[in-house]
Amino acid sequence: MKIVSVVGARPQFIKCALLSREIRKFHKEVLIHTGQHYDYDMSRLFFEELSIPEPDYNLGIGSGSHGAQTGNMLVEIERVLTKEKPDMVLVYGDTNSTLAGALAGAKLHIPVAHVESGLRSFDKSMPEEVNRILTDHVSDLLFAPTKTAVDNLKKEGIKKGVHLTGDIMMDALLANLKIAEKSNILKNLEVEPKKYLLATVHRASNTDDVVKLKNIIQALSESGDKIIFPVHPRTEKIIRNDKLKSLAKGNLILTKPIGYIDFLWLQNNAKKILTDSGGIQKEAYMLGVPCITLRDNTEWVETVKSGWNVLSGTDKKKILDNIRNFRPHVKRERLFGDGKASKRIVQIINDFSV
Ligand code: UD1
Ligand code: UDP
């Protein structure tokens, strides 16, 4: 089969690395990078360190409003699909690149496969929730990472083409943790294992509302703990424009975004992780690091139910309280599969093609 895979944002590069390799053992893959993320440390860096094949097309769409960004992607992806005439379009996760890829494929009657299908936060004010729902409803193959995801799809009447595969981020983590042991990142940032916290913030709801972002930065600053905070470019722009840097005091260290291998090692050795990222909530769980989620809801509900993740919202007091007192002591179960999701997904694609 000829498969066009569409990626565009940081987490999608990480997700596609192993799956792309597996796909190419059996099929011809054409890789489209929409250009949604374009800074070196949000894009190229991941292609280099994870040996992701060079994209066949880089659409160079860049940043913009949701409509402009998604619409421009749709036009360009359709152009590529019309030229390449693939047998399948493969999309990952819940970004605007995901939706554009799925929609372009579906309108041209090309089967759409969705990796990380069935996630729901039940909060339609999140652009990601809209992207997830729409993508799932036009997909022919739906690769669900968890049982919850399968159930969510069932409740929306989607049963055909749904496969419980496990989570491909587990595959990525297991494949790279040994490599990460050689990382110098702790030394470079002058932190010691389990003596620092790790924080990330990039969710629109937390960055577009400057009061929320201020609360988070103040809570991190006042905790007294040493905190490493690799800043997403979206957040960096707001910190710069609204002059919030002066709020970052104490032991709070702001850095540029960090590569996956170093970031994995930073996560593995952190005392706790504070984040509004979807992927990082999961990785914290997989690594057994307590996670404080800077949101009021999550699509990764299992991590909260398990007792290893707590929803803290953006309330300063609540964040500080969790930094000081959140200590999960329940045993972790294997929630995200066995690290073989990529192999399972390709097997299902192989069966689909016969
Ligand atoms: C996007 C996804 C989000 C995902 C995140 C992963 C959507 C709607 N959101 O959010 O689901 O969790 O990626 O990181 O698709 N920018 C740069 N350089 C870059 C990329 C972005 O400066 O390389 C800045 C631009 O000012 C841009 C802003 O960040 O406007 C937001 O980027 P965008 O890709 O629209 O959304 P993210 O917040 O990155
Ligand atoms: N990540 C990274 N460097 C960073 C921050 C995150 O490599 O500085 C990785 C992280 O390990 C995870 C993924 O990026 O695998 C999560 O991406 P992000 O938080 O941007 O998006 P989300 O998962 O929320 O969509």
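Before any of the text, the structure's been laid out above.
Here goes a summary of the coordinates provided. In this text the structure is predicted, and so the values were computed from the model without any measurement.

Calculation notes
- Residues numbered from 1 in each chain as written.
- Chains lettered and ligands numbered in written order.
- Predicted model: local features only at pLDDT ≥ 70, side-chain atom pairs only at ≥ 80, totals over all residues.
- Heavy atoms only, no water.
- Helix = DSSP H or I, 4+ residues; strand = E, 2+ residues; numbered from the N terminus.
- Rg over C-alpha atoms; globule rule 2.2 N^0.38 Å.
- Buried < 20%, exposed > 50% of the residue type's maximum accessible area, 1.4 Å probe, protein only.
- Contact = heavy atoms within 4.5 Å.
- Areas by Shrake-Rupley, 256 points an atom, 1.4 Å probe, with all protein chains shown as cover.
- Lys, Arg positive; Asp, Glu negative; His and termini not counted.
- Charge placed at Lys NZ, Arg CZ, Asp CG, Glu CD.
- Near = heavy atom within 4 Å.
- Polar contact = N/O pair within 3.5 Å; in protein donor to acceptor, adjacent residues only side chain to side chain.
- Nonpolar A, V, L, I, M, F, W, Y, C, P; charged D, E, K, R; others polar.
- Axes fitted to C-alpha atoms, helices over the stretch in contact; angles between N-to-C directions.
- Parallel < 35°, antiparallel > 145°, perpendicular 65-115°, else oblique.
- Left-handed = near helix turned anticlockwise from the far one by under 90°.
- Core = buried A, V, L, I, M, F, W, Y, C linked by side-chain atoms within 4.5 Å.
- Pairing = 2+ DSSP bridges.
- Salt bridge = Lys/Arg side-chain N within 4 Å of Asp/Glu carboxyl O.
- Phe/Tyr/Trp six-rings, centres within 6.5 Å; stacked < 30°, edge-to-face > 60°.

Further remarks concern the overall build of the protein chain. The number of helices and strands found in the protein chain is 16 helices and 13 strands. Taking 2.2 N^0.38 as the reference for a compact globule, 354 residues should give roughly 20 Å; the C-alpha atoms of the protein chain span a radius of gyration of 20 Å, in line with that estimate. Projected onto the principal axes, the alpha-carbon positions of the protein chain cover approximately 60 × 45 × 40 Å. Relative to its full complement of 354 residues, the protein chain shows a buried share of 60%. Of all intrachain contacts in the protein chain linking residues separated by at least 6 positions in sequence, the fraction that spans at least 24 positions is 70%. Accessible surface computed for the protein chain: about 15200 Å², of which carbon and sulfur atoms make up 53%. One way to put it: in the protein chain the 52 positive side-chain charges average out to a point 3 Å from where the 43 negative ones average out.

Residues in close proximity to ligand 1 total 20 residues, the closest being His37, Glu128, His202, Arg234 and Lys237. A distance of 2.7 Å separates an oxygen atom of ligand 1 from a polar atom in the side chain of His37. In the complex, the protein chains occlude 89% of the 740 Å² of accessible area that ligand 1 would expose alone. The element that contributes the greatest number of residues to the shell around ligand 1 is helix α11 (residues 233–241), accounting for 3 residues. Residue classes in the shell around ligand 1 are distributed as 5 nonpolar, 9 polar and 6 charged.

Further remarks concern the packing of helix α12 (residues 260–269) against helix α13 (residues 278–287). Where α12 meets α13, the closest approach of the two axes is 10 Å, and the angle between their N-to-C directions is 55 degrees. Classified by the interaxial angle, the pair formed by α12 and α13 is oblique. Between α12 and α13 lies a crossing of right-handed hand. For the pair α12 and α13, the contacting residues are Tyr260, Phe263, Leu264, Gln267 and Asn268 in the first and Ile280, Glu283, Ala284 and Leu287 in the second. Along the lines of polarity and charge, the residues of the contact of α12 with α13 split into 6 nonpolar, 2 polar and 1 charged.

Once that is clear, we can look at the site of ligand 2. With respect to spatial proximity, 19 residues lie near ligand 2, and among them Arg203, Ile258, Ser277, Gly279 and Glu283 are the closest. Between an oxygen atom of ligand 2 and a side-chain N or O atom of Ser277, the distance comes to 2.7 Å. In this structure, Gly279 approaches ligand 2 through a main-chain N or O atom, which is 2.8 Å from an oxygen atom. Calculation on ligand 2 without its partners gives an accessible area of 530 Å², and the protein chains cover 95% of this total. Looking at the shell around ligand 2, the elements with two or more residues in it are α1 (10–23), α12 and α13. Considering every element that reaches the shell around ligand 2, the biggest residue donor is α13, with 4 residues.

The next point concerns the nonpolar core. Counting 66 residues, the largest nonpolar core has Leu90, Phe143, Tyr260 and Leu266 as its most contacted members. Membership of the second largest hydrophobic core comes to 24 residues, among which are Leu274, Ile292, Val310 and Phe326.

What follows deals with the sheet that holds strand β3 (residues 57–58). Read across the open sheet, the 7 strands follow the order β3-β2-β1-β4-β5-β6-β7; overall the sheet is parallel. Two strands in the sheet have a free side with no partner beyond their single neighbour: β3 and β7 (162–164). Of the pairings in the sheet, the one linking strand β4 (residues 88–92) to strand β5 (residues 112–115) comprises 4 bridges and is parallel in character. Within β5, the residue paired with Tyr92 across the bridge is Val115. Contacts between helix α3 (residues 66–84) and the sheet are confined to β1 (2–7), β2 (28–33), β3 and β4, with β1 contributing the most and set at about 165 degrees to the helix.

As a further point, take the side chain of Thr98. You can see Thr98 is positioned in helix α4 (residues 96–107). The exposure class assigned to Thr98 is buried, which follows from its relative accessible area of 1%. Apart from residues lying up to four places away in sequence, Thr98 is in contact with Gln12, Val91, Tyr92, Gly93, His114 and Thr135.

Relative to the assigned elements, Asp41 resides in the loop between β2 and α2 (44–49). It is Lys256 that comes nearest to the buried, bridge-free Asp41 among opposite-charge side chains, at 4.1 Å. Sequence-distant contacts of Asp41, that is, excluding residues within four places in its chain, are made with Phe46, Lys256 and Pro257.

What follows deals with the packing of aromatic side chains. The final tally for this structure, using the stated rule, is 3 aromatic pairs. When the ring of Tyr285 is compared with that of Phe336, the centres are 5.9 Å apart and the planes differ by 80 degrees; the resulting orientation is edge-to-face. Of this pair, Tyr285 sits in helix α13 while Phe336 sits in the loop between α15 (316–325) and α16 (341–353), and the two are 51 residues apart along the sequence. Judged on exposure class, the residue Tyr285 and its partner Phe336 are both buried. Taking the centre distance of 5.9 Å and the plane angle of 70 degrees together, the rings of Trp300 and Phe336 count as edge-to-face. Placement of the pair is Trp300 in the loop between β12 (291–293) and α14 (301–305) and Phe336 in the loop between α15 and α16, with a sequence separation of 36 residues. Through a chain of ring-to-ring contacts, the aromatic side chains of Tyr285, Trp300 and Phe336 assemble into a single cluster.

Honestly, it's all geometry; don't read function into it.
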